[in-house]
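Chain by chain, the residues:
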Amino acid sequence: MSSSPSARDGEGPRSGQAPSTGSGQAGAGQVRRGLLLVVSAPSGTGKTTLVERLVQLVPDLVMSRSYTSRPAREGETNGIDYNFVSRQRFEEMVAIGDFLEWASVFGNLYGTCASDVERHLAEGRDIVLVIDVQGARQVRERRVDTVGMFVLPPSFEVLEQRLRGRSKDSEAAMQRRLQRARDEVAGFVDYDYVVVNDELESCVERLRAIVLAERAKLRQAWPVAEQIVGTFTRKDTQ
Ligand code: ADP
Ligand code: 5GP
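Note that this is a predicted model, so its numbers are computed, not measured.

Q: So what's going on with the sheet that holds strand β8 (residues 108-113)? Residues and values would help.
A: Across the sheet, which stays open at both edges, the four strands sit in the order β6-β5-β8-β7 with mixed pairing between neighbours. In this open sheet, the two edge strands, each paired with only one partner strand, are β6 (83-84) and β7 (99-105). With six bridges joining them, β7 and β8 adopt antiparallel strand pairing. Looking at the pairing, Ala103 lines up with Tyr110 of β8. Most of the contacts of helix α3 (residues 114-122) go to β8, to which it runs at about 30 degrees, and overall it touches β5 (67-68), β7 and β8.

See the structure below:
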C-alpha cells in the first residue's frame, strides 16, 4: 500500500481535501458523534486507492492508520502507510487491549488502535477502516452501529490483472493472495453495502453517496436537526 501523507488518520495538512463545511459540528456546542465505517475487499481490488480518493473528497472523513508487524515495503513510510511495529510490540498491544480489532493476514499481524478511532468519533469525524473480513467481523461484534461496505472487483480475471499491474509481489505471494480472494469474496453477505470497483471515479462516487446518506440518517442528523428546530421556538407569545 502507498498513500499520500495526508490521507491517513486525519493528521497533518490534508492537501487536495475539500474544505470542511463543518458538517462534523452539530452546532450550539454539540458535536455530532462520527460514523464508524469499514471497507473490505480482496487484496488488489482497489480499496486503498478508492478510500484515499474518498477522504480527499468528503470533509470530516478520515482513513484509519493501522498497526502492523509486517516490514515496510519499498516506498512505504512509518506513520503514513502504517504504524510499523515489531511482532513483540504488537503482541504487547494485544495483551493490554489496545486494539478495536486485529487479525493475522498472510502471516503478519494487523490491527486498529481503539483509542485512535474513539478520538475521531468523539471529535465528530467519520472514520473509515480499510481492513480484512476477519477484522470487520470483530468490529461489527463490538460496535453494532458500524457501516460495512464490501468492494468487489468486476471479476476474478480483473482482480488478477490489478494484482499483477501493482506488481509488488513474488509469484508465490500473488498465488496466496488469489487463493485468499477466492475465500474472502463470499464474505460480502455480512456487509451493509456492496460496490463493484469497475471504473475508479464512479466507484468513488458511489462510496461517497453511501457516506452522505448515512450522515443524513435520523440518528446521525438528530443533533443538528434539534438545534435548527430550537430556532423555531416562539419568543413573542403574547
Ligand atoms: P487493495 O488496497 O484492495 O489491495 P490497491 O488500491 O492497491 O488495492 O489497488 C490495486 C491496483 O489496482 C493498483 O495498481 C490500483 O492503481 C489499481 N486499481 C484500483 N482501482 C482500479 C480501477 N477501478 N480500475 C483499474 N485499476 C484500478
Ligand atoms: P497489505 O500488507 O497488502 O498492506 O495488507 C494486507 C491485508 O491486511 C489487506 O487485506 C488489508 O485490508 C488488511 N489490513 C490492513 N490493515 C488492517 C487492520 O488494521 N486490520 C485488519 N484486520 N486487516 C488489515
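Here the narrative resumes.
Q: Talk me through the site of ligand 1; I want residue IDs and the actual numbers.
A: Lining the immediate environment of ligand 1, one finds 14 residues, of which Gly44, Thr48, Thr49, Arg166 and Asn197 sit closest. In the model, an oxygen atom of ligand 1 is placed 3.3 Å from a nitrogen or oxygen of the Thr45 main chain. Side-chain polar atom of Thr49 to an oxygen atom of ligand 1: 2.5 Å apart, as the coordinates give it. Taking 570 Å² as the accessible area of ligand 1 by itself, protein coverage stands at 75%. For the shell around ligand 1, the leading source of residues is helix α1 (residues 47-57), giving three residues. Looking at the shell around ligand 1 residue by residue, the class counts come to two nonpolar, seven polar and five charged.

Definitions and cut-offs
- The written sequence of each chain sets the order in which its residues are numbered from 1.
- Key to labels: chains lettered from A, ligands numbered from 1, both in the order written.
- The model is predicted, so local features are restricted to residues of pLDDT at least 70 and side-chain atom pairs to those at 80 or more, both for listing and for counting; the totals for chains, interfaces and linings are taken over all residues.
- To get the side-chain values, all heavy atoms of the structure are used, and hydrogens and water are removed first.
- Any two strands between which DSSP finds at least two bridges are classified as paired.
- Secondary structure counts use DSSP, requiring at least four H or I residues in a row for a helix and at least two E residues in a row for a strand, with both numbered from the N terminus.
- Here, residues are in contact when the closest pair of their heavy atoms is within 4.5 Å.
- Fitted lines through C-alpha atoms serve as axes, helices being fitted only where they are in contact, and the angles separating the N-to-C directions of these axes extend from 0 to 180 degrees.
- Whether a residue is near a molecule or strand depends on its heavy atoms: if one lies within 4 Å, it is near.
- The term polar contact refers here to a pair of N or O atoms within 3.5 Å; inside protein, the definition further demands a hydrogen-donor-capable atom paired with an acceptor-capable atom, and it admits residues adjacent in sequence only when both atoms are side-chain atoms.
- What sets the accessible areas is the Shrake-Rupley method with a 1.4 Å probe; for residues, cover comes only from the shown protein chains.
- Residues are sorted three ways: Asp, Glu, Lys and Arg are charged, Ala, Val, Leu, Ile, Met, Phe, Trp, Tyr, Cys and Pro are nonpolar, and all the rest, Gly among them, are polar.

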